[in-house]
Amino acid sequence: MSDEVCFHCGLPIPPGFRLEAEEGGKGHRFCCHGCLGAYELIRGAGLQAYYARRDGGGMAMVPAEVELASLAAWDDVTWQESFVHTVGENREALLMLGGIHCAACIWLNEQALTRLDGVLEARVNYATQQLRVVWNPQKLTLSAIVRLIRRLGYRVEPFEARQVAQQLAREQRVRLFRLALTGFGAGNIMMISVALYAGYFQGIDPAMRLFFEWVSLVLALPTVLVGGWPFFQGAWRGLRAGGLTMDLPIALGVMLIFLYSVSATWRGVGETYFDSVTMLLFLLLVGRYLESAARRKAAQSAERLLLLEPVTAEVEREGVWSQLPARQVVPGDRVRVRPGGRVPVDGVVLEGVAAVDEAMLTGESLPVEKQPGDFLACGSLVVDGLLTMQATGVGEETTLARIVRMVATAQENRPPVQELADRLAGRFVAVVLLLAVATFLYWWPQGVDLALTHAVALLVITCPCALGLATPAAMVVAIGAAAQRGILVKRSAALEHLARVDLLVLDKTGTVTVGRPVLAHRQGGESLLRLAAAAEFGSEHPLAKAVVEVWIRENGVEPPPATAFRNHPGRGVEAEVEGRKVVVGRESFVAERLGLSATPSPPQEAPSLSWVACGADGQFLGWLGLRDPEREDAPQALAALRRLGLDLMLLSGDRPATVADMAARLGLTKAQGGCLPEGKVETVAALQAAGRCVAMVGDGINDAPAMARAQCSLAMGQTSHLPLMTADLVLLDTHLLAIPRAVVLARRTMRIIRQNFALSLLYNLVATPLAAAGLVHPLGAAIAMSLSSLAVVGNALRLRRIEL
């Protein structure tokens, strides 16, 4: 082939673009990464003969053979290493789906795959569009799974967390364009309809009426095709898979109303309903756009977490230290981490002592001392000191990678209300179709036009407008009402889950507490605080900052200057202040530097405090006790939650004594400390197994897996990125009183949704017999349909007036 065209597709290569692959000493050029990827898939499957046959003139590019080549590549064991894992005798793959529009798409993929012989489990992550499928390799190949997904009309590729946000952003732009075009068409058609409705009651020239109807048809055609495409596509996919989703009644109602209106316009006889059909599509698309926007934000969780993993690591190879990509570190390597750096892999400390911030793992705001023999988790931050470690866990086997997998797995979610609507949809459509056919046949002897008019009136009056709007209308209003009160609702199912919660699990550090240590107790003379603050002034340790802040707040000036400052990472500091040698830090460190055989024990009346010893010139001066105080509104918020009938539990990675002390001060009877991320997930899972509906409130990365595992999760607004992205709701104002407000709003929202379903069903029970009996004109049917939708929306708007 020519050097100026792509080897795979034959299209011209952009000037200056160079993308090549070598095979058998011959180089091939490609126009884009997609063509290169397709070429590598075909070559990896051993089907290079495809190109020889194509170029030899024996065949054109046959789609079936291209598909065969790409599908065969999915079974390549080497290629599967990055996204397929072994689970006992089975295989588990993480795939990324394209073309997911709503919960119905998720349901369709899960149902179709689980019916495939050999598939043991198929779950789609509602936030990231990630498909986790487990299958028996003795019965089924991965290529067969991919083939089924493609036949359903969805795109599929290996899951890559860093690409999720890009894919969702592209799809969101398409949704925004579709929403804008549909809104433009619906708005203009509604203005034209005002003249038609006025003419119906007051009279209008037939020619002018026909002109308006044709203008409405011209505007409605692209509006219905573009705005209704997701529903038409979803309905067709469901039918191909042998299922009835909520898209089917919407697509059926929209299409029948539109075609009838087109027929009436063409014949110049009968009423048109272009305004109703386009406005219905616009409102439904608004709900879907908001839902997809929330899913896009949620999809950033894995990407944000991956930013904690350093790209490079300082590794010793053959006695020489050098910077290498972190992915090249292997177990057994010696790795060095400098002050202010993040640990690139899991490992054990070999040399050095340092304070390490493990908030991403334990949630504890205070750094912990690490010395030889201690474990270091990937992503931890070395506050001070130089550490040399031996790598034990790398790549997908690090603590950070396990947390990513836990979040992705536990985040699999589908809205139960939408599932209820799906179940109702199948019966609803079947009954309406049968009634429409029966109505047409009943009135047939009296004329085809009359029979068609009554049948269409039945279809129009039973169009699933109210049923389709029952949930999204209430959700849109509730989300807006929540935002005005500092509560960001990120998932459509969040309010439904929160309304059913009976047990609220709260993290301690940064959630119930402020997440910043303060000086709570002093035991010593007048010079204790002055000397300690002066010595600690040059330290970056959080405890040191707390001591200095208290001195400055009480005295209005900085502490006395210190000289000969020396920091001992993870142990303490020493300095000369006012001619005295001052030592501040751990009890053993202070005793050693002062030459004391022992120091007085810290006060026993507050065992939950973090104690700092202080001495000068060989004498012990006293103790400084620090703690993380609870938020000011914590007692009031917890009391409000109890009045709502919720049980409360405190769950933290902090020391059990500290957690128990905090629980006692807040009047909580259930508390558990010393929980790492895995322990928090296990605790939440055990509560769920006992029949509890659990909501988790947290603020740290260590809380993210448990928050994703719980039925509902809430995050404090001023927190790390992962909980913000993982949580179902975010408390933007960081006040705990927002939690009971969210619970009240959730319960009221679900009450409104149930009322909307009841209104919709009651409307259809009354309207259907009237239409079948020929007592409703199609125009009256359209008005009744609009009134039913307005009733649902009006009922939902009552959520704006709820006092929280």
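Look above for the structure.
Computed from a predicted model, the values in this text were never measured in an experiment. (Residues numbered from 1 in each chain as written. Predicted model: local features only at pLDDT ≥ 70, side-chain atom pairs only at ≥ 80, totals over all residues. Heavy atoms only, no water.)

Give a detailed account of the overall build of the chain, specifying residues and quantitative values.
Of regular secondary structure, the chain possesses 29 helices and 29 strands. The buried share of the chain, reckoned over its 804 residues, is 53%. Sequence separation of 24 or more characterises 66% of the internal contacts of the chain that already satisfy a separation of 6 or more. Accessible surface, the chain as shown: approximately 34700 Å² in total, 58% of it carbon and sulfur. (Helix = DSSP H or I, 4+ residues; strand = E, 2+ residues; numbered from the N terminus. Buried < 20%, exposed > 50% of the residue type's maximum accessible area, 1.4 Å probe, protein only. Contact = heavy atoms within 4.5 Å. Areas by Shrake-Rupley, 256 points an atom, 1.4 Å probe, with all protein chains shown as cover.)

Could you give an account of the nonpolar core, naming the residues involved and the relevant values?
By size, the foremost hydrophobic cluster in this structure holds 50 residues, and its most contacted members are Leu 498 and Leu 729. Broken down by element, the residue count for this core peaks at 10 residues, all from helix α28 (residues 738-772). Contact partners of Leu 729, with chain neighbours within four places excluded, come to Ile 487, Leu 488, Val 489, Ala 494, Leu 495, Leu 498, Cys 712, Ser 713, Leu 714, Ala 715 and Ala 742. Val 119, Val 133, Ala 144 and Val 146 belong to the second largest nonpolar core, which has 27 residues in total. (Core = buried A, V, L, I, M, F, W, Y, C linked by side-chain atoms within 4.5 Å.)

Explain the pattern of salt bridges to me, and be specific about the residues and the numbers.
Evaluated as defined, the whole model comprises 21 salt bridges. Across the salt bridge formed by Arg 132 and Glu 121, the nearest N and O atoms sit 3.2 Å from each other. Placement of Arg 132 in strand β6 (residues 130-135) and of Glu 121 in strand β5 (residues 119-124) is noted, with a sequence separation of 11 residues between them. Here Arg 132 falls in the buried class, since its relative accessible area comes to 9%. One salt bridge connects Arg 627 with Glu 630, and the closest N-O pair in it is separated by 3.6 Å. Judged by its relative accessible area of 29%, Arg 627 falls in the partly exposed class. Residue classification places Glu 630 among the partly exposed positions, given a relative accessible area of 25%. Connected through shared salt-bridge partners, Asp 502, Asp 647, Lys 670 and Arg 692 make up one network. (Salt bridge = Lys/Arg side-chain N within 4 Å of Asp/Glu carboxyl O.)

Run through the packing of aromatic side chains, naming residues and quoting values.
Inspection of every chain in the model, using the stated rule, returns six aromatic pairs. The interplanar angle of 80° and the centroid separation of 6.4 Å between the aromatic rings of Trp 611 and Trp 623 together place this pair among those described as edge-to-face. Residue Trp 611 is found in strand β23 (residues 610-616), and its partner Trp 623 is found in strand β24 (residues 619-627); the two are separated by 12 residues along the sequence. Neither Trp 611 nor Trp 623 differs from the other in exposure class; each is buried. Just above the ring of Trp 321 sits the side chain of Arg 336; from NZ or CZ to the centre is 4.2 Å. (Phe/Tyr/Trp six-rings, centres within 6.5 Å; stacked < 30°, edge-to-face > 60°. Lys NZ or Arg CZ within 6 Å of the ring centre and 35° of its normal.)

Describe a positive patch on the surface, listing the residues and the values that go with them.
On the surface, Arg 748, Arg 751, Arg 754, Arg 798, Arg 800 and Arg 801 cluster together into a patch of positive charge. If you trace the backbone, Arg 800 turns up in the segment after α29 (778-797). By relative accessible area, which is 56% here, Arg 800 ends up exposed. (Patch = residues over 30% accessible without salt bridge, like charges linked within 9 Å, V, L, I, M, F, W, Y side chains within 5 Å. Lys, Arg positive; Asp, Glu negative; His and termini not counted. Charge placed at Lys NZ, Arg CZ, Asp CG, Glu CD.)

Account for the side chain of Gln 688, with residues named and values stated.
Residue placement: Gln 688 occurs in helix α25 (residues 677-689). A distance of 2.8 Å separates a polar atom in the side chain of Gln 688 from a polar atom in the side chain of Gln 711. Every residue in contact with Gln 688, bar those within four places of it in the chain, is listed here: Val 694, Arg 709, Ala 710 and Gln 711. (Polar contact = N/O pair within 3.5 Å; in protein donor to acceptor, adjacent residues only side chain to side chain.)

Tell me about the packing of helix α20 (residues 527-536) against helix α21 (residues 542-555), and please be specific about residues and values.
Two numbers describe how α20 lies on α21: the axes approach to 9 Å, and their chain directions differ by 125°. Looking at the two axes, α20 sits oblique to α21. The way α20 lies across α21 gives a crossing that is left-handed. Judged by residue contacts, Leu 529, Arg 530, Ala 532, Ala 533 and Glu 536 of α20 engage Ala 544, Val 547, Val 548, Val 550, Trp 551 and Glu 554 from α21. Per-class residue counts for the contact of α20 with α21 are eight nonpolar, no polar and three charged. (Axes fitted to C-alpha atoms, helices over the stretch in contact; angles between N-to-C directions. Parallel < 35°, antiparallel > 145°, perpendicular 65-115°, else oblique. Left-handed = near helix turned anticlockwise from the far one by under 90°. Nonpolar A, V, L, I, M, F, W, Y, C, P; charged D, E, K, R; others polar.)

Hey, could you go over the environment of Tyr 289 for me, with residue numbers and the actual values?
Here Tyr 289 shows up in helix α11 (residues 274-298). With 117 residues separating them in the primary sequence, Tyr 289 and Gln 172 have C-alpha atoms 7.6 Å apart. Those residues in contact with Tyr 289 that lie beyond four places of it in its chain are Gln 172, Arg 175, Leu 176 and Leu 179.

In short, the description is geometric, and any link to function would need to be established separately.
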